[in-house]
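Listed here are the chains, written in short residue letters.
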Amino acid sequence: GKKAKDTKASAGYDQVEQGEQDDIDVVNEAKMVREADNLSVKVQDLSKNYYIVNSDGCCGRNKTVKVKRAVKSISIGVQKGECFGLRGTFGAGKTTTFKGLSGELQPSEGLCAISGFDVATEMKKIRHLIGYCPQFDALLGLMTTREHLNLYAAIKGIPKDKRNKLITDKIREL
């Protein structure tokens, strides 16, 4: 049978700066991820920072005014056959973590790998292995069903000459 894994997103706040100890499950998960080399999904020490930049108007120089840390050093390991869910409060970094895993954004630090392939450098090898439905805006209001299926088939790397038949078959199934 498949096991379920429920991982808490503790990325949106800084436990160390608050003087709190990491939860023992968080420590154990990070250790397992560091030591494992056979994970289906491996997120190791993932961090994502967003920088707020102001231009001083002189010579086009920009200066970083503020850093917003969306994800702070999260580690997650998913074994083959596990069902994985990520939960946490609003702003904890769940969506940002999944965007890093899907290749939608690059992490500031850390590693995201799927079936041993690095998301940052080997996304072409990963695309056919994953599916991802974002929390918001999964469907674009001005596109038809056929146009959506064609778009997602292209994203998944389905050859153009095979798309029309596959899409027509799927629409008929529905």
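A few points on the structure. Along each chain, residues carry numbers from 1 onward, in the same order as the chain's sequence is written. Thresholds applied to this predicted model are a pLDDT of at least 70 for local features of residues and 80 or more for the giving and counting of side-chain atom pairs; totals over whole chains, interfaces and linings are not thresholded and use all residues. Hydrogen atoms and water are omitted, and side-chain values are computed over all heavy atoms in the structure.

## A word on the nonpolar core
Here is step 1: Ranked by size, the top nonpolar core spans 15 residues in total, and within it Val-43, Leu-46, Ile-74, Ile-76, Leu-101, Cys-112 and Val-119 carry the most contacts.
Here is step 2: Here a helix means four or more residues in a row that DSSP labels H or I, a strand means two or more in a row labelled E, and each is numbered from the N terminus. Of all the secondary-structure elements, those providing two or more residues to this core are β2 (41-55), β3 (62-78), β5 (109-114) and α3 (123-126).
Here is step 3: It is β3 that provides the largest number of residues to this core, a total of 5 residues.
Here is step 4: Only heavy atoms matter for contacts: two residues are in contact if any of them lie within 4.5 Å across the pair. Setting aside anything within four residues of it in sequence, one finds Leu-101 in contact with Val-41, Val-43, Cys-112, Ile-114, Val-119 and Ile-130. The definition of a nonpolar core used throughout is a set of buried Ala, Val, Leu, Ile, Met, Phe, Trp, Tyr and Cys residues joined through side-chain atoms within 4.5 Å. Exposed residues in this analysis have more than 50% of their type's maximum accessible area, buried residues have under 20%, and partly exposed residues fall in between, with area computed by a 1.4 Å probe over protein chains only.

## Focus on the side chain of Lys-42
Here is step 1: On the secondary structure map, Lys-42 appears in strand β2.
Here is step 2: Only four residue types enter the charge count: Lys and Arg as positive, Asp and Glu as negative, with His and the chain ends excluded. Any Lys or Arg side-chain nitrogen found within 4 Å of a carboxyl oxygen on Asp or Glu counts as a salt bridge. Within the buried core, Lys-42 has no salt-bridge partner, and the shortest N-O distance to an opposite charge, that of Asp-37, equals 7.3 Å.
Here is step 3: Any pair of nitrogen or oxygen atoms within 3.5 Å is treated as a polar contact; in protein, a donor-acceptor pairing is required on top of that, and neighbouring residues in sequence qualify only through side-chain atoms on both sides. A distance of 3.1 Å separates a polar side-chain atom of Lys-42 from the backbone oxygen of Val-33.
Here is step 4: Apart from the residues lying within four places of it in its own chain, the contact partners of Lys-42 are Val-33, Arg-34, Ala-36, Ile-76, Leu-111, Cys-112 and Ala-113.

## What to know about helix α1 (residues 24-35)
Here is step 1: Expected helix span is computed as 1.5 Å times (number of residues minus one). The first and last C-alpha atoms of α1 sit 17 Å apart over 12 residues, in line with the 16 Å expected at 1.5 Å per residue.
Here is step 2: Inspection of α1 places Glu-29, Ala-30 and Val-33 among the buried residues, and these make up the whole buried set. Here the buried residues of α1 occupy an arc of 100° about the axis, which is enough to place them on one side. Exposed and facing more than 90 degrees away from the buried side of α1 are Ile-24 and Glu-35.
Here is step 3: Where α1 begins, the capping side chain belongs to Asp-23, and its oxygen is found 2.8 Å from the backbone nitrogen of Asp-25. This arc corresponds to the set of directions leading from the helix axis out to the C-beta atoms.

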